[in-house]
Amino acid sequence: MPTQRGVTTNELGATTYLTDTLTYLVDLTKWTEQAHGPVEITRSDSIRKVSDTRDDYVIPYFTTGSSIRTRFLSYSSQPEFVPDEQPGFAGKHYLYKVTIGDQPAGFTELVSTLFIFSTRFANPAKEWWQASVAYPSKTVSVVIRFPDRKPCRKIAAFRVLGIRGDKQSIKNSPPLISNEGAIVTWVGLNVEGNSRIEFDWDW
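These numbers come from a predicted model, not from an experiment. (Residues numbered from 1 in each chain as written. Predicted model: local features only at pLDDT ≥ 70, side-chain atom pairs only at ≥ 80, totals over all residues. Heavy atoms only, no water.)

### Digging into the overall build of the chain
Scanning the chain from N- to C-terminus turns up zero helices and 14 strands. Along the chain, helices (α) and strands (β) appear in the sequence β-β-β-β-β-β-β-β-β-β-β-β-β-β when read from the amino end. Taken against the 2.2 N^0.38 rule, which gives 17 Å for 203 residues, the C-alpha radius of gyration of the chain at 17 Å falls within 12% of a compact globule. By principal-axis analysis of the C-alpha atoms, the chain measures approximately 50 × 35 × 35 Å. Put simply, the chain has 203 residues, and 43% of those count as buried. (Helix = DSSP H or I, 4+ residues; strand = E, 2+ residues; numbered from the N terminus. Rg over C-alpha atoms; globule rule 2.2 N^0.38 Å. Buried < 20%, exposed > 50% of the residue type's maximum accessible area, 1.4 Å probe, protein only.)

Quick look at the structure:
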């Protein structure tokens with residue numbers, strides 16, 4: 001195991017990276033029932049390197065739709081978004097890499113990327129989406145914007161550990177619906193790594 005430095009940032013058990021803040025803006029407002037999209041998701045990571053690891057900051061992505069496109073919005077070193085074959089798993093898989101493995105412990109980076117899902121959201125009655133939390137994160141915040149003609153009627157949040165973990169209902173910090181279903185917000189504190197937050201909604 002690499003020698004640890006910056007132990008004051010390691011309170012969540014982080015061994016390589018800690019995410020101080022992880023924010024998602026999920027924009028469903030351009031979605032149409034005919035196209036099953038597009039849905040634009042902006043992800044922003046405030047990253048802190050807590051060890052001498054040479055590994056980059058890597059987040060797995062997948063879609064059950066046709067593809068995911070990216071637009072890198074802010075960074076000091078441009079991220080990578082590359083296909084990742086996963087035999088036995090449905091959907092198209094990718095790796096989102098922030099290439100900072102050669103930086104020293106204590107290095108910080110703020111990176112923001114737009115992910116465009118063209119055809120993923122096919123169900124006009126109910127849908128789901130998962131926020132990937134690959135590294136321990138102090139704060140995870142999610143804002144979901146719904147189309148005017150398809151407001152959110154009901155939503156629940158679940159925690160999923162690992163790749164095939166069971167869904168665990170999040171009851172202590174449920175997502176909040178506002179503006180007559182136009183906006184949903186959710187905030188989680190001290191979220192462990194190698195997990196996902198799933199949102200299941202009716203619209």
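### Focus on the environment of A134
Relative to the helices and strands, A134 resides in the loop between strand 8 (126-133) and strand 9 (137-145). Its relative accessible area of 23% is what places A134 among the partly exposed residues. Once the C-alpha coordinates of A134 and E180 are considered, the two residues, 46 residues apart in sequence, prove to be 32 Å apart. If sequence neighbours within four positions are ignored, A134 has contacts with V58, I59, P60, G193, N194 and S195. (Contact = heavy atoms within 4.5 Å.)

### Some thoughts on the packing of aromatic side chains
For any pair of aromatic rings, the description consists of the separation of the ring centres together with the inter-plane angle of the planes. Counted under the stated rule, the structure contains 19 aromatic pairs. Centroid distance W31 to W203: 4.5 Å. Interplanar angle 45°. Geometry classified as tilted. With a gap of 172 residues between them, W31 in the loop between strand 1 (17-27) and strand 2 (39-49) and W203 in the segment after strand 14 (195-202) connect regions that are remote in the sequence. By relative accessible area, W203 is classed as buried at 6%. Connected via pairs of aromatic rings, a cluster forms that spans W31, F117, F121, F146, W201 and W203. The positively charged end of R120 is found above the aromatic ring belonging to F121, 4.5 Å away from the centroid. Over the ring of W128 we find R120; its NZ or CZ atom is 4.3 Å from the centre of that ring. (Phe/Tyr/Trp six-rings, centres within 6.5 Å; stacked < 30°, edge-to-face > 60°. Lys NZ or Arg CZ within 6 Å of the ring centre and 35° of its normal.)

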